[in-house]
Amino acid sequence: MPRGRCAGYGLALLVGSVLLLMTASAAALSLALDDDRISLHARGASLSDLMHQFAHFGVDVAFDPAIDVRITANVDGASLERTLEELLDAFTYVLTWDVVPGPLGPLTRLAEIAVYTPGQRERAQPLPDVFSDFQVVRAGDGSGVEFIADEIIIGFAPGADINAIRVLIRELGGTVVDSLPDLGLYRIRLPPGTNIPALVARLARNPLVAEAEPNYAYRLPPTQPRTGAASPNLQTVPVPRPDAAPVAVLDSGLSMMPELDGLVLGGYNALHPNRDPVDVAGHGTQMALIASGALSPDGRSTDAGVPVLAIRSFDDQGVTSNFAMMRSILHAASEGARVLNLSWGSEINSPFMEDTLRTARQRGLLVVASAGNEPTNRPVYPAAYEGVIAVSATLPDGQPWPSSNYGDFVTIGAPGTASFPIGFHGGPGAYAGTSIASAYVSHAIGLYLQQHPRATPTQVLRALTQAVQADGTPRNPQTGYGVLTQDALKRFLGR
């Protein structure tokens, strides 16, 4: 995105009735950002509190903690740049601007601000909560639905008046912090404490809005430790040929290890695109090992590698947002992935997520997702969306894993136990879960696509279901069309 820089020091431009006060008083503070405009009402608030408000609205802030001044201000729709010139007259500051693209046209957004005492740039420190994990809240209706605090995702009606939309966002006190131009969606940050479900219900009646959703939160499934398992079945497999299409593993990132050398084509951090996709949780590395073939489920072996694209979609606590996951999916498609491995699930049925996966499938991607680690017989998404390959887990003897979810949405069963040299929020050891089964099916499809690079998703799915149906058993809720046994894998790959 285009960026510009602006520095100011010692400027004295009058904006509204801004006045710096050096004494404390009863503090009150409200802030709204609208493109390159600002509405600020403050009485005796600290400059530090104001910087935290900027951070709340998605601005990356570096601030000298030694600065201790109070501000009083009363401006509405004023120039953001001119207002900051007046407020920060006694300090050195640097602004970095972004342009957010989308159907509304380019929107200017303050992306970064650094404030420090003249000559003391090294004292400006990132605010502690700028790069924190997702802030998750739960709906108060007893449903247990979780979403990101103070955020919504909006798609506006085709042909809606741009000026009217800007007025609506201003009335909400919202700030556009990001967009997905391919989908026509905006992520909007709202004032602290906003009642998100009530706001979404109100927006559903607004003719300017085609669809609005909370920015739903998803969690990685707790893969379950097991006892009595063997050591990790790590192996060095041949590096795939350069033109082999990768499996995109949308998970908690990646920790490199020798067995993955030559198998990882690239990485991406969907949470902080300027950072490496480092895996603190461990789950993403586990799934990359399975999907690439560097590690096989218990009792299995492989003689070929599959390239993987490691995308960090979940934070260190194993949480992601709907928006971050949708951005991950679009990035995987843009990087030439042919398979999406989604080793997670939720009972939240998001139309935005469903539309995003439909777009991915239309671009030729096969979507593989885990069916869930609780035997509820309820649909789990994204596995239950149309066209997604939903995978349940089986034990080494081929029987269903007792904790695997089941239901009419299940497409296939696959081995769901493995021993890892890295843990998920824990130490190395043996684990079980539909996450493992999903990654194993993604690996198998990756191998098939190396043999049949021009195969369509429909052709791949037909070959897979035919391979597991060879024994003639009817489709069932536990394992769908059948289990991807070693013999079924050989049939699938024509071996």
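Residues numbered from 1 in each chain as written. Predicted model: local features only at pLDDT ≥ 70, side-chain atom pairs only at ≥ 80, totals over all residues. Heavy atoms only, no water.

**Observations concerning the overall build of the protein**
Stated precisely, the cut-off is as follows: Numbering of helices and strands runs from the N terminus, with a helix taken as a DSSP run of H or I at least four residues long and a strand as a DSSP run of E at least two residues long. The quantity called the radius of gyration is restricted to C-alpha atoms. Its globule counterpart is 2.2 Å times the number of residues to the power 0.38. In this scheme, a residue with accessible area under 20% of its type's maximum is buried, one over 50% is exposed, and one in between is partly exposed, where area comes from a 1.4 Å probe on protein chains only. Surface accessibility follows the Shrake-Rupley procedure with a 1.4 Å probe radius. Residue values consider only the protein chains on display as shielding. His is not counted here, nor are the chain ends, while Lys and Arg score as positive and Asp and Glu score as negative. We put the charge of a Lys on NZ, of an Arg on CZ, of an Asp on CG and of a Glu on CD.
Along its length, the protein carries ten helices and 25 strands. Its C-alpha atoms give the protein a radius of gyration of 25 Å, near enough to 23 Å, the size a compact globule of 495 residues would have. If you line up the protein on its principal axes, its C-alpha atoms span 80 × 50 × 40 Å. A total of 495 residues make up the protein; the buried ones form 56% of that total. Per element, the accessible surface of the protein, about 20000 Å² overall, is 50% carbon and sulfur. The protein carries 34 positive and 47 negative side-chain charges, and their two centres are separated by 4 Å.

**Digging into empty space enclosed by the protein**
The gaps left among the atoms become clear once a water-sized probe is rolled over them. Here is the rule: With a 1 Å grid laid over protein atoms only, a set of points is called a cavity when a 1.4 Å probe fits there but cannot get out and a pocket when it is open yet has protein on both sides within 12 Å along at least five of seven lines; lining residues have an atom within 4 Å of a point. Grid points are joined across faces, edges and corners, and a volume is the space filled by probe spheres set on the points. For this classification, the nonpolar set comprises Ala, Val, Leu, Ile, Met, Phe, Trp, Tyr, Cys and Pro, the charged set comprises Asp, Glu, Lys and Arg, and every other residue, Gly included, is treated as polar.
Tallied over the entire structure, the rule returns one cavity of 30 Å³ or more. The volume enclosed by the largest cavity comes to roughly 170 Å³. Surrounding the largest cavity, 17 residues form its lining, Leu33, Asp34, Asp35, Leu107 and Val176 being those nearest its centre. Listing elements by their share of the lining of the largest cavity, those giving two or more residues are strand S3 (28-34), strand S8 (107-116), helix H3 (162-172) and strand S12 (175-180). Residue contributions to the lining of the largest cavity peak at four residues, all from S8. Grouping the constituent residues of the lining of the largest cavity by class yields ten nonpolar, three polar and four charged.

**Overview of the environment of Val177**
Put simply, the rule reads: The criterion used for residue contact is that any of the two residues' heavy atoms lie within 4.5 Å.
Following the sequence through the fold, Val177 ends up in strand S12. Among the residues examined, Val177 registers a relative accessible area of 6% and is labelled buried. It is 18 Å that separates the C-alpha atoms of Val177 and Leu330, two residues lying 153 residues apart in sequence. If we skip the residues at most four places from it in the chain, Val177 touches Phe57, Gly58, Arg109, Arg187 and Arg189.

**Side note on the pattern of salt bridges**
Which entries qualify depends on this criterion: What counts as a salt bridge is simple: a side-chain nitrogen of Lys or Arg found within 4 Å of a carboxyl oxygen of Asp or Glu.
With the rule as written, the count across this model stands at 15 salt bridges. In this structure, Glu146 and Arg138 form a salt bridge, with 3.0 Å as the shortest nitrogen-oxygen distance. Judged by its relative accessible area of 13%, Glu146 falls in the buried class. What makes Arg138 exposed here is its relative accessible area of 56%. Of the charged contacts in the structure, one is a salt bridge between Arg312 and Asp316, with a shortest N-O distance of 2.9 Å. Residues participating in the shared-partner salt-bridge network are Glu151, Asp178, Arg187, Arg189 and Arg327.

**Section: the environment of Ser79**
Secondary-structure assignment places Ser79 in strand S6 (residues 70-79). Separated by 43 residues in the primary sequence, Ser79 and Asp36 place their C-alpha atoms 6.4 Å from one another. Once residues lying within four places of it in the same chain are set aside, the contact partners of Ser79 are Asp36, Arg37 and Ile38.

**A word on the packing of aromatic side chains**
Each pair of aromatic rings is reported with the distance of its centres and the angle of its planes. Inclusion rule: Between the rings of Phe, Tyr and Trp (Trp by its six-membered ring), a pair exists once the centres lie within 6.5 Å; its type follows the angle of the planes, with under 30 degrees stacked, over 60 edge-to-face, and the other angles tilted. The rule is short: NZ of Lys or CZ of Arg within 6 Å of the ring centre and within 35 degrees of the ring normal puts a charge over the ring.
Under the definition given, this model contains six aromatic pairs. Here Phe314 and Trp344 contribute two aromatic rings whose centre-to-centre distance is 6.1 Å and whose plane-to-plane angle is 70 degrees, an arrangement assigned as edge-to-face. With Phe314 in the loop between strand S18 (308-312) and strand S19 (319-321) and Trp344 in the loop between strand S20 (339-342) and helix H7 (351-362), this pair connects stretches of sequence that are 30 residues apart. Each member of the pair, Phe314 as well as Trp344, carries the same accessibility label: buried. Site record: aromatic cluster; members linked through ring pairs are Tyr218, Phe314 and Trp344. A cation over a ring is seen here: Arg187 above Phe323, with NZ or CZ 5.4 Å from the ring centre.

**Brief notes about the packing of helix H8 (residues 434-451) against helix H10 (residues 486-493)**
This is how it is decided: To obtain an axis, a line is fitted to C-alpha atoms, over the contacting stretch when the element is a helix, and the angle between two such axes runs from 0 to 180 degrees between their N-to-C directions. An angle counts as roughly parallel when it lies under 35 degrees, as roughly antiparallel when it exceeds 145, as roughly perpendicular when it falls between 65 and 115, and as oblique in every other case. When the near helix sits turned anticlockwise from the far one by under a right angle, the crossing is termed left-handed; a clockwise turn instead gives a right-handed crossing.
Direction vectors running N to C along H8 and H10 enclose 25 degrees, while the axes themselves pass 10 Å from each other. Taken together, the axes of H8 and H10 lie roughly parallel to each other. Pair H8 / H10 crosses with right-handed handedness. Two secondary-structure elements touch here, H8 through Tyr440, Ala444, Ile445, Leu447, Tyr448 and Gln451 and H10 through Leu489, Phe492 and Leu493. By residue class, the composition of the contact of H8 with H10 is eight nonpolar, one polar and no charged.

**A closer look at unusual backbone geometry**
Backbone phi values are negative for most residues with the exception of glycine, while trans is the configuration of most peptide bonds. Between Tyr381 and the following residue, Pro382, the backbone shows a cis peptide bond with an omega angle of 15 degrees. Inspection of the secondary structure assignment puts Pro382 in the loop between strand S21 (366-370) and strand S22 (389-394).

**Quick look at the nonpolar core**
How we decide: By convention a nonpolar core is built from buried Ala, Val, Leu, Ile, Met, Phe, Trp, Tyr and Cys residues, the set being connected through side-chain atoms within 4.5 Å.
Residues Phe420, Val441, Ile445, Leu484 and Phe492 are the most contacted members of the largest nonpolar core, which totals 52 residues. Sort the elements by how many residues they give to this core and H8 lands first, with ten residues. Dropping the residues within four chain positions of it, Val441 is found in contact with Val368, Ile389, Val391, Ile412, Ala414, Leu464 and Leu484. Within the second largest apolar cluster, 42 residues are counted, among which are Leu330, Ala360, Ala369 and Ala390.

**As for the layout of surface pockets**
Of the volumes computed, that of the second largest pocket is approximately 670 Å³. Looking at the lining of the second largest pocket, the element that brings in the most residues is strand S14 (residues 209-219), giving three residues. Partitioning the lining of the second largest pocket into residue classes produces ten nonpolar, eleven polar and six charged.

**Remarks on the sheet that holds strand S23 (residues 412-415)**
What counts here: Pairing between two strands requires that DSSP report at least two bridges joining them.
Taken in spatial order, the seven strands line up as S17-S18-S16-S20-S21-S22-S23 in an open sheet, and their pairing is parallel. Each end of this open sheet is capped by a strand with a single partner; those strands are strand S17 (264-269) and S23. Each neighbouring strand pair of the sheet contributes to a mean axis angle of 25 degrees, computed without reference to strand direction. Helix-sheet contacts for helix H6 (residues 322-334) involve strand S16 (247-251), S17, S18 and S20, and the interaxial angle to S16 is about 165 degrees.

**Focus on the environment of Arg378**
Along the chain, the position of Arg378 falls in the loop between S21 and S22. Taking C-alpha positions, Arg378 is 9.1 Å from Asp408, a pair spaced 30 residues apart along the chain. Look past the residues within four positions of Arg378 in its chain and what remains in contact with it is Glu347, Asn405, Tyr406 and Phe409.

In short, shape yes, function no, at least from these values alone.
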